[in-house]
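Examining the three-dimensional arrangement
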Amino acid sequence: MLLVCLEDCTPCEDLHDKHPNVPYVILPRRSGYEDKDVYEVKKAIGLMGVTEFPVLLNDGLNRILPLTLLEETEEEK
């Protein structure tokens, strides 16, 4: 799973700080040069119509997962 955050988003930063072991990507607010991974994530969330952040994606970047999954993952540890 991949946590997708928006640049300078306080709720995103708080969630990432709470779950530092979850892989994450920070999307820039302005378009411009982006690496391939960021481009693929932006493309995927655009196709899914994501408008609110943070969002949790599956590893295939083709499905939105509930953020409650992060809490369940922490409880298992």
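No experiment lies behind these values; they were computed from the predicted model shown. (Residues numbered from 1 in each chain as written. Predicted model: local features only at pLDDT ≥ 70, side-chain atom pairs only at ≥ 80, totals over all residues. Heavy atoms only, no water.)

1. Thoughts on the side chain of H16
- Residue placement: H16 occurs in helix α1 (residues 10-18).
- Relative accessible area serves as the criterion here: at 16%, H16 is assigned to the buried category.
- The residues touching H16, leaving out its near neighbours within four places in the chain, are L3 and Y24. (Helix = DSSP H or I, 4+ residues; strand = E, 2+ residues; numbered from the N terminus. Buried < 20%, exposed > 50% of the residue type's maximum accessible area, 1.4 Å probe, protein only. Contact = heavy atoms within 4.5 Å.)

2. Regarding the pattern of salt bridges
- All told, the structure shown has one salt bridge when counted by the stated rule.
- A salt bridge links K18 to E71, with the shortest nitrogen-to-oxygen separation between them at 3.4 Å. Remark: E71 occurs in helix α3 (residues 68-76) and K18 occurs in helix α1; sequence separation between them is 53 residues.
- The exposure class assigned to K18 is exposed, which follows from its relative accessible area of 52%.
- Judged by relative accessible area, E71 falls into the partly exposed class, the value being 33%. (Salt bridge = Lys/Arg side-chain N within 4 Å of Asp/Glu carboxyl O.)

3. Here we look at the side chain of H19
- Inspection of the secondary structure puts H19 in the loop between α1 and β2 (24-27).
- Overall, H19 belongs to the buried group, its relative accessible area being 1%.
- A distance of 3.4 Å separates the side chain of H19 from the side chain of E71, its partner in a polar contact. (Polar contact = N/O pair within 3.5 Å; in protein donor to acceptor, adjacent residues only side chain to side chain.)

4. Quick word on helix α2 (residues 36-48)
- The terminal C-alpha atoms of α2, which comprises 13 residues, lie 19 Å apart, in line with the 18 Å expected from a rise of 1.5 Å per residue.
- Of the positions making up α2, those classed as buried are V38, V41, A44 and I45. One side of α2 carries all its buried residues, which in axial view fall inside an arc of 130°. Summarising the geometry of α2, the exposed residues directed more than 90 degrees from the buried face are K36, G46 and L47.
- Buried residues along α2 sit in contact with β1 (2-6), β2 and β3 (55-57).
- Residue D35 occupies the N-cap position of α2, its side-chain oxygen lying 3.2 Å from the main-chain nitrogen of D37.
- Looking one or two places after α2, you find G49, whose phi comes out positive at around 75°. (Expected span 1.5 Å × (residues − 1). Arc of directions from axis to C-beta.)

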